[in-house]
Amino acid sequence: MDGPSGSGKSSASRGVARALGLRYLDTGAMYRAITWWMLEHGVDVGDPAAVAAQAGAPKLAIAADPEAPGIAVDGRDVSAEIRTQEVTSAVSAVSAVPEVRARLVAEQRAIIGDGDIVVEGRDIGSVVAPGAPVKVYLTASPEARARRRTAELTGTTLEAQRVAMARRDTLDSTRKADPLVMAADAIELDTTELNLEEVISEVLRLVKERT
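Note that this is a predicted model, so its numbers are computed, not measured.

Reading the values: rules and limits
- Residues numbered from 1 in each chain as written.
- Predicted model: local features only at pLDDT ≥ 70, side-chain atom pairs only at ≥ 80, totals over all residues.
- Heavy atoms only, no water.
- Helix = DSSP H or I, 4+ residues; strand = E, 2+ residues; numbered from the N terminus.
- Rg over C-alpha atoms; globule rule 2.2 N^0.38 Å.
- Buried < 20%, exposed > 50% of the residue type's maximum accessible area, 1.4 Å probe, protein only.
- Contact = heavy atoms within 4.5 Å.
- Areas by Shrake-Rupley, 256 points an atom, 1.4 Å probe, with all protein chains shown as cover.
- Pairing = 2+ DSSP bridges.
- Axes fitted to C-alpha atoms, helices over the stretch in contact; angles between N-to-C directions.
- Parallel < 35°, antiparallel > 145°, perpendicular 65-115°, else oblique.
- Left-handed = near helix turned anticlockwise from the far one by under 90°.
- Nonpolar A, V, L, I, M, F, W, Y, C, P; charged D, E, K, R; others polar.
- Polar contact = N/O pair within 3.5 Å; in protein donor to acceptor, adjacent residues only side chain to side chain.
- Expected span 1.5 Å × (residues − 1).

1. Some words on the overall build of the chain
Then comes step 1: Looking only at helices and strands, one finds nine helices and seven strands in the chain.
Then comes step 2: The C-alpha atoms of the chain give 16 Å as radius of gyration, which agrees with the globular expectation for 211 residues (17 Å, within 12%).
Then comes step 3: Taken along its principal axes, the extent of the C-alpha atoms in the chain is 50 × 40 × 30 Å.
Then comes step 4: In the chain, which comprises 211 residues, the share counted as buried stands at 47%.
Then comes step 5: Sequence separation of at least 24 residues holds for 73% of the intrachain contacts in the chain that already meet a minimum separation of 6.
Then comes step 6: Total accessible area on the chain stands at roughly 9,700 Å², and carbon and sulfur atoms take up 55% of it.

2. Some remarks on the sheet that holds strand β2 (residues 60-63)
Then comes step 1: Strands sit in the order β2-β3-β4 across an open sheet of three strands; the sheet is antiparallel. With one partner strand each, in any of the chains shown, β2 and β4 (76-77) form the two edges of the open sheet.
Then comes step 2: With four bridges joining them, β2 and strand β3 (residues 70-73) adopt antiparallel strand pairing. Counterpart to L60 in the pairing with β3 is V73.
Then comes step 3: Against the sheet, helix α2 (residues 27-40) contacts β2, β3 and β4, and its axis sits at roughly 30 degrees relative to β3.

3. Some remarks on the packing of helix α7 (residues 142-152) against helix α8 (residues 158-174)
Then comes step 1: Contact geometry for α7 and α8: axes closest at 9 Å, N-to-C directions at 115 degrees. When the axis of α7 is compared with that of α8, the two are roughly perpendicular. Between α7 and α8 the crossing geometry is right-handed. Across from E143, R145, A146, R147, R149 and T150 in α7, the residues of α8 making contact are L158, Q161, R162, M165, R168 and D169.
Then comes step 2: Class assignment for the residues of the contact of α7 with α8 results in three nonpolar, two polar and seven charged.

4. Regarding the pairing of β3
Then comes step 1: Linking two consecutive strands that pair antiparallel, namely β2 and β3, is a turn of six residues.
Then comes step 2: The antiparallel pairing of β3 with β4 creates a hairpin that spans two residues between the two strands, and D74 there sits at a positive phi of about 50 degrees.

5. Quick look at the pairing of strand β5 (residues 117-120)
Then comes step 1: Side chains of β5 alternate between two faces, with I117 and V119 and V118 and E120 buried alike.
Then comes step 2: Pairing geometry for strand β1 (residues 23-26) and β5, over four bridges, is parallel. By the bridge assignment, R23 is partnered in β5 with I117.

6. Thoughts on the side chain of T35
Then comes step 1: If you trace the backbone, T35 turns up in helix α2.
Then comes step 2: A polar contact is formed between the side chain of T35 and the backbone oxygen of Y31, at a distance of 2.8 Å.

7. Brief notes about the environment of G8
Then comes step 1: Within the element layout of this structure, G8 appears in the segment before α1 (9-20).
Then comes step 2: Residues G8 and D190 lie 182 residues apart in sequence; the distance between their C-alpha atoms is 9.8 Å.
Then comes step 3: With near-sequence residues (within four places) excluded, G8 lies in contact with L138 and R148.

8. Some thoughts on α1
Then comes step 1: The end-to-end C-alpha distance of α1, which contains 12 residues, comes to 16 Å, matching closely the 16 Å that a straight helix rising 1.5 Å per residue would cover.
Then comes step 2: In this structure, the buried side of α1 is in contact with β1, β5, β6 (136-139) and α9 (196-210).
Then comes step 3: Once α1 finishes, G21 follows within two positions and takes phi at roughly 70 degrees, a positive value.

9. Some words on the environment of L171
Then comes step 1: When you line up the elements, L171 lands in helix α8.
Then comes step 2: Look at L171 and you get partly exposed, because its relative accessible area is 32%.
Then comes step 3: Sequence separation between L171 and S92 is 79 residues, and the spatial gap between their C-alpha atoms is 6.6 Å.

This is how it looks when you write it as structure tokens:
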């Protein structure tokens, strides 16, 4: 399940995984975890070479249970820390570094290789798992997305999120390494007027239809 920030990927993916009894992987959390580590260790996240040099240093551990997803870096649970505005503001720059993407895509494919999983991110259908049997691309209006993200993050405002998300959309869709695009065989689902239960139901219908 792919799509831009605030489209509802995380909540919908977890809900679908729970309903189907599958594992769940939030690939965005992995990029956030790397970003958090870079900031904690004083790496200049605006310097691609500096980020690339440290791309392999953080040790990640992923909890793929949709009932209790989480991520640890070097043995420390950072599930809350990676959701701060500081990390959110820096993650697109870190995510654009090819060495970071190569490392995490390899780890994501290894996790996916164990099967029975719902994966969400920005390049899952197009790059990470192009052979996935069901690909869904979630979208929503900029207003709805900003409102949702404001509710998820600490220390931010709706207006700040409007600006930040517009910037991140541009960065994610124009980066050279694995830009945000909808896979040719993905199904686009606009969630602007849908509540979470409706989104989950629609995705479950698509899964039943295609598998």
